[in-house]
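Coordinate analysis (summary)
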Amino acid sequence: MSSLVSLNNDTKLIQAICAVVLKGHWTKLSKPEIASSLTSTNIHQVLLNFLLNCDNPSLSWGFFKWTESTLPNHKHSLQSSWVMIHILTKHKHLMTAQNLLHKFALRDFLSTPSVLNSLLKVHDDPDGNSHILSWLVIFFANSKMTQDAIQVFDQMRIHGLKPHLHACTVLLNSLVKDRLTDMVWKVYKKMLGLGVVPNIHVYNVLIHACSKSGDVERVEKLLSEMELKWVKLDLFTYNTLIALYCKKGMHYEALSVQDRMEREGVSPDIVTYNSLIYGFCREGRMREAVRLFRDIKGASPNHVTYTTLIDGYCRANDLEEALRLREVMVAKGLYPGVVTYNSILRKLCEEGRIRDANRLLNEMSEKKVEPDNVTCNTLINAYCKIGDMKSAMKVKNKMLEAGLKLDRFTYRGLIHGFCKLQEMDSAKELLFSMLGAGFSPSYCTYSWLVDGYSNQGNEETVIKLMNEFVRRGLCVDVSVYRALIRRFCKKERVDFAERVFGLMQGNGISGDSVVYTSLAYAYWKAGNANAASNMLEEMYKRRLMVTLKIYKCFNASYANDNILSLFWNHVVERGLMSKNILKEMQQLDSYK
């Protein structure tokens, strides 16, 4: 009975507050007997009453702001804010509603499923909730909080709320930028399941995703889908398609897209021409690139156009033409940037023209063009190539002074240089620095170390490296053991390969197909057929197969070995490689 009385009292209080607000008697709300009764729950109920029974959003908004500014230490509950957003949305005050949503979206962890579930129960309005959650998806996606955006999107799907098309586009675009390609297609599938009809903007994002991953097959399917749905391609679509085909070396397809866009009345812009020119330059087809450059219509060549051509000439060993084109570029008021300089610098270094390369660096300094990692790595590799490690280390130190971070190419170049000079302590320290910086050395990097120590007759140090990795707290995974085993096998030092294999197993790391195939072939080549068979038997037990990639890798590495084909036949007989792979590759080798 007492709870019923209390309920009636609360109802009367809420009705009284609503009446005061409707009449605009704000001073009455400040009276102690009323102000002291304004709890978060009561304020929420008042706003809910206005949502259901009042057509003037200014009154609700005025009350919402008044309680926030007047009541001591008052902070609106999540439910009150949610109702206020619904009121603003219902009366088309969309900008104000979005601003309020953004204000507490981060503060109250709105992407959390439990929070969203409780809020959606506050007011059962599918259209309003769709509006608000769509804005939330956009807000999180634009704030680079992609996982939060996905969580909100999934809650909409669970509750049967249809997201706005713009929210889907923004979310998909955010996923593409984060290179979460698999998630792009999952979200797209869910989006279609909710009845969202994609438009050209959605398709452009999807085609852009395909372009980033080089997925030509999926692009063709999307184009067919667009054709069935009468979605017309725009300039962005055509440019993305041309860029993809050029990147994949599919010149005929790229030019076909250009023809199609012109037939459809879409004029190419400089982005279109730049992609086509890049495609030709990449393949060394400079005549076609220049012809297309001269045929540019309705657009003006820009930095990208000239830089692409300059890089093309450098790759085609025509440095003089590249330098001439740079002068043309400057004459047209387009001043070379760091990418342009890098192309010329790389060619100078390839030709061993270090003095000219340094002159070019001075020119960059005069023109206030800041070197980047590519500039520095190009110089480091050039110095390492001629054995000038002192200069290479100077460039490395200047990189750090300029605020640039060493990348895997920097480490790789320096390690190679020190290994060539057999300064193995320096090479080893750089390897540890590389691993400490979070980079994974390639097979080549470990090969140089193995070769360097082997040339000194000091293979034992390579074995000890494993313990030093552990001592320094560095992670040693299968890739490290794999690289060392491969190189020792290649150098026909099976004894050391066996020791590395033993260490790997002792540390609880299982070998993969490459490890077992390397050891099996090393035993086979050494005439130890029993040991080779044991390795292959172990592979069979562990269901480790020789893939096409492994087959190609071994054929390239052991190209001059006459017994390799016999080994592959033995592998096929053991059921460790498909007969189709062997047959296909043998036919290809025969054709070559």
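Structure: above.
Here's what I pulled together on the structure shown here. Each chain carries its own residue numbering, running from 1 in the direction its sequence is written. It should be noted that, the model being predicted, local features are given only for residues of pLDDT at least 70 and side-chain atom pairs only at 80 or more, the latter also being counted only at that level, while totals for whole chains, interfaces and linings use all residues. Heavy atoms throughout the structure, all of them, feed into the side-chain values; hydrogens and water do not.

Quick look at the overall build of the chain now. Helix and strand labels come from DSSP, where a helix needs a run of H or I of at least four residues and a strand needs a run of E of at least two; each type is numbered from the N terminus. Of regular secondary structure, the chain possesses 35 helices and zero strands. The globule rule used for comparison is 2.2 Å times the number of residues to the exponent 0.38, while the radius of gyration itself is calculated over C-alpha atoms. The globule rule puts the C-alpha radius of gyration for 592 residues at 25 Å, and the 34 Å found for the chain is more than 25% above it. In terms of its C-alpha atoms, the chain occupies a principal-axis envelope of roughly 95 × 65 × 55 Å. Each residue's exposure class comes from its accessible area (1.4 Å probe, protein chains only) as a fraction of the maximum for that residue type: buried when under 20%, exposed when over 50%, partly exposed otherwise. Counting every position in the chain, which comprises 592 residues, the buried fraction comes to 48%. Residue pairs in contact within the chain that sit at least 24 positions apart in sequence constitute 64% of those at least 6 positions apart. Exposure was quantified through the Shrake-Rupley algorithm and a 1.4 Å probe, taking into account, for residues, occlusion by the shown protein chains and nothing else. Only carbon and sulfur atoms are counted for the fraction: they give 51% of the accessible area of the chain, which is about 30400 Å². The charge count treats Lys and Arg as positive and Asp and Glu as negative. His and the chain ends do not count. Charged side chains are reduced to one point each, which is NZ for Lys, CZ for Arg, CG for Asp and CD for Glu. When the 75 positive and 59 negative side-chain charges of the chain are each reduced to one mean point, those points stand 2 Å apart. Contacts are assigned to residue pairs with any non-hydrogen atoms lying within 4.5 Å of each other.

Time to look at the state of the cysteines. The term disulfide is used for any two cysteine sulfur atoms that are within 2.5 Å. In this structure the tally under the stated criterion is zero disulfides. In this structure Cys246 is not part of a disulfide, and its nearest cysteine sulfur, from Cys281, lies 10 Å away. Among the cysteines around Cys384, which has no disulfide bond, Cys419 carries the closest sulfur, lying 10 Å off.

Ring pairs are drawn from Phe, Tyr and Trp, using the six-membered ring of Trp, whenever the two centres fall within 6.5 Å, and their geometry is named by plane angle: stacked under 30 degrees, edge-to-face over 60, tilted for the rest. Applying the stated rule across the entire model yields 15 aromatic pairs. On the numbers, 5.7 Å between centres and 10° between planes, the contact of Trp61 with Phe64 is stacked. Separated by three residues within a single helix, Trp61 and Phe64 lie in helix α5 (residues 57-70), roughly one turn from each other. Using a relative accessible area of 26% as the deciding quantity, one classes Trp61 as partly exposed. Each ring, one from Phe293 and one from Tyr306, has its centre 5.5 Å from the other, and the planes form 75°; the classification is edge-to-face.

A word on the layout of surface pockets. Estimated volume of the largest pocket: approximately 470 Å³. Think of a 1 Å grid over just the protein atoms. A cavity is a set of points where a 1.4 Å probe fits yet cannot get out, a pocket is an open set with protein on both sides within 12 Å along at least five of seven lines, and lining residues have an atom within 4 Å of a point. Every residue lining the largest pocket is counted, 20 residues in all, and those nearest its centre are Leu361, Pro371, Cys376, Leu379 and Lys398. Of all the secondary-structure elements, those providing two or more residues to the lining of the largest pocket are α22 (354-366), α23 (373-385) and α24 (389-401). In this classification, Asp, Glu, Lys and Arg are treated as charged, Ala, Val, Leu, Ile, Met, Phe, Trp, Tyr, Cys and Pro as nonpolar, and every other residue, Gly included, as polar. Across the lining of the largest pocket, the residue classes tally to 11 nonpolar, five polar and four charged. Grid points are joined across faces, edges and corners, and a volume is the space filled by probe spheres set on the points.

Topologically, Leu536 is positioned in helix α32 (residues 529-541). On the basis of relative accessibility, which here comes to 1%, the residue Leu536 falls in the buried class. Linking Leu536 and Met329, residues 207 residues apart in sequence, is a C-alpha distance of 61 Å.

Here we come to empty space enclosed by the protein. Applying the stated criterion across every chain yields a total of one cavity of 30 Å³ or more. A volume near 60 Å³ is recorded for the largest cavity. What lines the largest cavity is simply Tyr443, Arg486, Lys490, Ser518, Cys553, Phe554, Ser557 and Tyr558. Counting residues per element, the ones that place at least two in the lining of the largest cavity are α29 (478-490) and α33 (548-557). Sort the elements by how many residues they give to the lining of the largest cavity and α33 lands first, with three residues.

Take it as geometry only, folks, not as evidence of what the structure does.
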